[in-house]
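# Topology and contacts: notes
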Amino acid sequence: MTKKDIINSGKVKSVFATDKEDEVLIEFRDDMTAGDGERKEVMTKKGTYNAIISSKIFNVLEQAGVKTQFIELVKPNEMLAMKLDMIPIEVIIRNIATGSLVRNYPIEDGTKLNPPIVQMDYKDDEFHDPMLNHSIAKALGIATQDELDELEKLAFKVNDALKDFFDKAGIILVDFKIEFGKDKDGNIVLGDEISPDGCRLWDKETLDMLDKELFRKGKDDEVMEAYVEVYNRVIPDDEKAKFDL
Ligand code: CDP
């Protein structure tokens, strides 16, 4: 596999072409951003921890029958992946009420949501990722009704598998964001990453935050400790032995 030209540079990941038409190399950088990219810092080894955690989670999801773009981790911070035509929708699942939900609606912080809430945001920093509903998504021409239904169905399936996966590591999956794309045959496939950057993760015992929310709250010096804690809990020792961390 040869790393070729850069195709896209996002806020925290860069995507490179490879010698295969339908594969890309995703480099997880050490950048951390908040507020639609308005605040940006470098967090040493963040890219590596996120790439390894994401790879593990994609493997878990494949075993649960969810098709993902993950092929293999070629370097600790570089993931070989199936090339997808990304759908500009952030699918968010909420198992516990917090954040904007408790600011905008009469619901108490920490309330268990059963069934979980599924929400879709339009991925566009310029418009600050506004919330979508099905009518708006269809009017924007970004997905058909069948595709919206499938995104929601897949998101719940991801949630079922990940709630259990994190629970075994003593972590509550409070909420998370995922993104999907279409493969060359038009199938909807899970893409992007699933890491402490895009999840709210709380310690089951202490309810301490173990995710990017620490950075959003300005607790920059606690962020990497939390990411390392997640890594230590979800990656088995024999898999850790492969990485020089
Ligand atoms: O919950 P609140 O509205 O305050 O924030 P949110 O941005 O809707 O976040 C809900 C969940 O999705 C959190 O776990 C975020 O980490 C994640 N998310 C994300 O990773 N990236 C975004 N652009 C939006 C949400």
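Structure's up top.
Residues numbered from 1 in each chain as written. Predicted model: local features only at pLDDT ≥ 70, side-chain atom pairs only at ≥ 80, totals over all residues. Heavy atoms only, no water.

## Observations concerning helix α4 (residues 145–168)
Which entries qualify depends on this criterion: A run of H or I in DSSP becomes a helix once it reaches four residues, and a run of E becomes a strand once it reaches two; helices and strands are each numbered from the N terminus. In a helix, the anticipated span is given by 1.5 Å times the number of residues less one. Only protein chains enter the accessibility calculation, which uses a 1.4 Å probe; a residue whose area is less than 20% of its type maximum is buried, one above 50% is exposed, and one in between is partly exposed.
The end-to-end C-alpha distance of α4 is 35 Å, a good match for the 34 Å that 24 residues give at a rise of 1.5 Å each. For α4, every residue scored as buried is listed here: E147, L148, L151, E152, L154, A155, V158, N159, A161, L162, F165 and F166. Immediately downstream of α4, the backbone of G170 shows phi near 75°, a positive value.

## Concerning a negative patch on the surface
Operational definition: Exposure above 30% relative accessible area and the absence of a salt bridge qualify a residue for a patch, where like charges join within 9 Å and nonpolar side chains (Val, Leu, Ile, Met, Phe, Trp, Tyr) within 5 Å. To be clear on the numbers: accessible area is Shrake-Rupley with a 1.4 Å probe, and residue cover counts the displayed protein chains and nothing else. We define a salt bridge as a side-chain nitrogen of Lys or Arg found within 4 Å of a carboxyl oxygen belonging to Asp or Glu. Residues scored as positive are Lys and Arg, those scored as negative are Asp and Glu, and His as well as the terminal groups of each chain are ignored. In plain terms, the charge of a residue is placed at NZ if it is Lys, CZ if Arg, CG if Asp and CD if Glu.
Taken together, the side chains of D208, D221, E222 and E225 define an acidic patch exposed on the protein surface. Topologically, E222 is positioned in helix α6 (residues 220–234).

## A closer look at the sheet that holds strand β2 (residues 13–17)
Strand pairing in a sheet relies on backbone hydrogen bonds. The paired strands run either parallel or antiparallel. Convention followed: Here the rule is simple: two strands pair whenever DSSP picks up at least two bridges between them. Axis lines are fitted through C-alpha atoms, for helices just across the contact stretch, and the angle between N-to-C directions can take any value from 0 to 180 degrees. We call two residues contacting when some pair of their heavy atoms lies within 4.5 Å.
A sheet is described by the order of its strands in space; here five strands give the open sequence β1-β2-β3-β7-β6, paired in antiparallel fashion. Strand pairing shows two members of the sheet lacking a second neighbour, β1 (6–9) and β6 (70–75), which therefore form its edges. Mean inter-strand twist for the sheet, computed between neighbouring axes without regard to direction, equals 25°. Inspection of the sheet shows β1 paired to β2 by three bridges, in the antiparallel sense. Its bridge partner being in β2, S9 is matched across the sheet by S14. Sheet strands touched by helix α1 (residues 46–63): β3 (23–28), β6 and β7 (78–82). Its angle to β6, the strand with the most contacts, is close to 150°.

## Re the pairing of β3
In terms of burial, β3 is largely enclosed, as six of its six residues are buried. Here β3 shows no split at all, with E23, L25 and E27 on one side and V24, I26 and F28 on the other all buried. Taking the residues between adjacent antiparallel strands as the criterion, β2 and β3 are bridged by five residues. In this structure, β3 lies alongside β7, joined through five bridges in antiparallel fashion.

## Concerning the packing of aromatic side chains
The following threshold applies: The pairing test for Phe, Tyr and Trp rings, Trp by its six-membered ring, is centres within 6.5 Å, and the orientation test on the planes gives stacked under 30 degrees, edge-to-face over 60, and tilted for anything in between.
One pass over the structure, following the stated rule, counts three aromatic pairs. Consider the rings of Y49 and Y231, whose centres lie 5.0 Å apart with planes at 80°: the pair is edge-to-face. Taken together, the positions of Y49 in helix α1 and Y231 in helix α6 put the pair 182 residues apart, joining distant regions of the chain. Here Y49 falls in the buried class, since its relative accessible area comes to 9%.

## Quick notes on the nonpolar core
Our working definition: To define a nonpolar core, start from buried Ala, Val, Leu, Ile, Met, Phe, Trp, Tyr and Cys residues and group those joined through side-chain atoms within 4.5 Å.
If you look at the biggest cluster of nonpolar residues, it comprises 60 residues, and the most contacted ones within it are L61, I89, F166 and I194. In terms of residue count, α4 provides more of this core than any other element does, nine residues in total. With residues up to four places along the chain from it excluded, the contact list for I89 reads M120, D121, K123, L132, I142, A143, L148, L151, I178 and E179.

## Here's the deal with the environment of K219
Checked against the element boundaries, K219 lands in the loop between α5 (213–216) and α6. The class for K219 is partly exposed, based on a relative accessible area of 36%. The spatial distance from the C-alpha of K219 to the C-alpha of D31 is 16 Å, given a sequence separation of 188 residues.

## Regarding the site of the ligand
To be explicit about the condition: Neighbouring residues are identified by heavy atoms, a residue being near a molecule or strand if any of them is within 4 Å of it. In protein, a polar contact means a hydrogen-donor-capable atom and an acceptor-capable atom, both N or O and within 3.5 Å, with residues adjacent in sequence counting only if both atoms are side-chain atoms; elsewhere, any N or O pair within 3.5 Å suffices. All residues other than Ala, Val, Leu, Ile, Met, Phe, Trp, Tyr, Cys, Pro, Asp, Glu, Lys and Arg, Gly among them, are scored as polar; the first ten of these are nonpolar and the last four charged.
If you check the shell around the ligand, you find 14 residues, and the closest are E90, R94, S100, D175 and R200. Between the ligand and D175, the relevant distance is 2.6 Å, taken from an oxygen atom to a side-chain nitrogen or oxygen of the residue. At 3.1 Å, a side-chain N or O of R216 approaches an oxygen atom of the ligand. Listing elements by their share of the shell around the ligand, those giving two or more residues are β9 (89–96), β12 (171–182) and β14 (199–203). Residue classes in the shell around the ligand are distributed as three nonpolar, three polar and eight charged.

## Quick notes on the pattern of salt bridges
Inspection of every chain in the model, using the stated rule, returns 24 salt bridges. With its nearest N and O atoms 2.8 Å apart, the salt bridge here joins K3 to E78. Remark: E78 occurs in strand β7 and K3 occurs in the segment before β1; sequence separation between them is 75 residues. Under the relative-accessibility criterion, E78 is labelled buried at 6%. Of the charged contacts in the structure, one is a salt bridge between E23 and K20, with a shortest N-O distance of 3.7 Å. E23 gets classed as buried once you look at its relative accessible area, which sits at 15%.

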